Amino acid sequence: PEQNCVGLSRTRGTPRRRRIFRSDCIMTISIRSSRPSDFPRTFEIWRSAVVATHDFLTPEDFAAIEVLVRDQYLPATEFWIAADENDQALGFMGMSVAQIDSLFVHADARGAGVGRRLVEYAMSLHPVLTVDVNEQNVSGAGCDQRRGVEWVGRSPVDDAGRPYPLLHLKRS
């Protein structure tokens with residue numbers, strides 16, 4: 001049976017209501033196309049995911065990337081949205097044919113199977129997939145390798161030439 005996945009958490013000692021996910025919580029995750037109204041939530045998801053997993057970014061790079069994502073990437077790109085039973089977006093994935101260009105899961109939903117569900121959906125569309133993952137993003141690189149994705153290359157810098165190496169992965 002489905003259980004309530006919302007509870008109280010503490011932020012700096014003060015209890016507040018927010019969405020938390022537990023391993024004993026069973027929830028329905030559906031995948032749908034993004035809509036223009038998803039923009040504020042996808043930006044919130046991107047920001048929380050990057051804060052949680054990309055601690056290697058300098059504050060200057062984070063600020064510059066944040067502006068690009070908010071003003072250029074998110075408004076101009078179609079995504080696959082992973083949503084809960086109330087159609088609340090928990091994560092999103094961008095694809096160019098069989099390349100996963102982006103995959104972000106809200107920090108509050110990490111570990112709840114949202115990323116796995118998005119990758120499974122991508123595999124249903126394209127059995128042979130490629131993805132580039134920041135080498136320093138240990139959780140992202142590790143998840144992909146656990147799903148039978150093989151390492152096929154490495155770049156010493158990211159797509160913008162910043163000193164954040166990328167691992168090139170492929171699932172065949």
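Placed above this text is the structure.
Reference entry: report on the structure contained in this document. Just so it is clear, the model here is predicted, and its values are computed rather than measured. (Residues numbered from 1 in each chain as written. Predicted model: local features only at pLDDT ≥ 70, side-chain atom pairs only at ≥ 80, totals over all residues. Heavy atoms only, no water.)

## Brief notes about the pairing of strand E5 (residues 89–96)
For a regular strand, the rule is simple: side chains alternate between the two faces of the sheet.
Reasoning step 1: E5 sits mainly inside the fold: 7 of its 8 residues count as buried.
Reasoning step 2: As paired elements, strand E4 (residues 80–83) and E5 share 4 bridges and run antiparallel to each other. Directly across from Ala82, in E5, lies its bridge partner Gly91.
Reasoning step 3: Counted between consecutive antiparallel strands, the loop separating E4 from E5 contains 5 residues, among which Asp87 sits at a positive phi close to 65°.
Reasoning step 4: Both E5 and strand E6 (residues 99–105) contribute to a ladder of 6 bridges, which runs antiparallel. What sits directly across from Ser96, in E6, is Gln99.
Reasoning step 5: Taking the residues between adjacent antiparallel strands as the criterion, E5 and E6 are bridged by 2 residues, where Val97 takes a positive phi near 50°. (Buried < 20%, exposed > 50% of the residue type's maximum accessible area, 1.4 Å probe, protein only. Helix = DSSP H or I, 4+ residues; strand = E, 2+ residues; numbered from the N terminus. Pairing = 2+ DSSP bridges.)

## Points about the side chain of Gln99
Reasoning step 1: Its location among the elements puts Gln99 in strand E6.
Reasoning step 2: A distance of 2.3 Å separates the side chain of Gln99 from the side chain of Thr130, its partner in a polar contact.
Reasoning step 3: When neighbours within four sequence positions are excluded, Gln99 is seen to be in contact with Gly94, Thr130, Val131 and Asp132. (Polar contact = N/O pair within 3.5 Å; in protein donor to acceptor, adjacent residues only side chain to side chain. Contact = heavy atoms within 4.5 Å.)

## Thoughts on helix H1 (residues 39–53)
Reasoning step 1: Relative to the 21 Å expected for 15 residues at 1.5 Å per residue, H1 spans 21 Å between its end C-alpha atoms, a close match to the ideal helical length.
Reasoning step 2: Within H1, burial applies to Arg41, Thr42, Phe43, Ile45, Trp46, Ser48, Ala49, Val50 and Thr53. (Expected span 1.5 Å × (residues − 1).)

## What to know about the packing of H1 against helix H2 (residues 59–76)
Reasoning step 1: As a packed pair, H1 and H2 sit with axes 11 Å apart at the nearest point and diverge in direction by 150°. With respect to H2, the axis of H1 lies roughly antiparallel. For the crossing formed where H1 meets H2, the hand is right-handed. Contacts from Phe39, Thr42, Phe43, Trp46, Arg47, Val50 and Val51 in H1 reach Phe62, Ile65, Glu66, Val69, Arg70, Leu74 and Pro75 in H2. (Axes fitted to C-alpha atoms, helices over the stretch in contact; angles between N-to-C directions. Parallel < 35°, antiparallel > 145°, perpendicular 65-115°, else oblique. Left-handed = near helix turned anticlockwise from the far one by under 90°.)

## Remarks on the pattern of salt bridges
Reasoning step 1: For the structure on display, the rule yields 9 salt bridges.
Reasoning step 2: Note that Glu135 and Arg154 form a salt bridge whose closest N and O atoms lie 2.8 Å from each other. Within this pair, whereas Glu135 is found in the loop between strand E7 (129–134) and helix H4 (138–146), its partner Arg154 is found in strand E8 (residues 150–155), the two being separated by 19 residues in sequence.
Reasoning step 3: Glu135 sits in the partly exposed class, given a relative accessible area of 31%.
Reasoning step 4: A relative accessible area of 41% means that Arg154 is categorised as partly exposed.
Reasoning step 5: The structure contains a network of salt bridges with shared partners spanning Arg32, Arg35, Asp38 and Asp87. (Salt bridge = Lys/Arg side-chain N within 4 Å of Asp/Glu carboxyl O.)

## Side note on H2
Reasoning step 1: Under the 1.5 Å per step criterion, the end-to-end length of H2 is 25 Å for 18 residues, consistent within 8% with the ideal 26 Å.
Reasoning step 2: All of the buried residues along H2 are Asp61, Phe62, Ile65, Glu66, Val69 and Leu74.
Reasoning step 3: Where the residues of H2 are buried, they touch H1 and E5.

## Topic: the sheet that holds E5
Reasoning step 1: Pairing within the open sheet is mixed, and its 7 strands lie in the order E3-E4-E5-E6-E7-E9-E8. Both edges of this open sheet fall to strand E3 (30–33) and E8, since each of them pairs with a single strand only. With direction set aside, neighbouring strand axes in the sheet form an average angle of 30°.
Reasoning step 2: Together, E4, E5 and E6 form the strand contacts of H1, whose direction differs from that of E5 by roughly 90°.

## A closer look at the side chain of Asn134
Reasoning step 1: Mapped onto the elements of the fold, Asn134 is located in strand E7.
Reasoning step 2: Filtering out sequence-adjacent residues up to four positions away, Asn134 remains in contact with His54, Phe56, Tyr164, Pro165 and Leu166.

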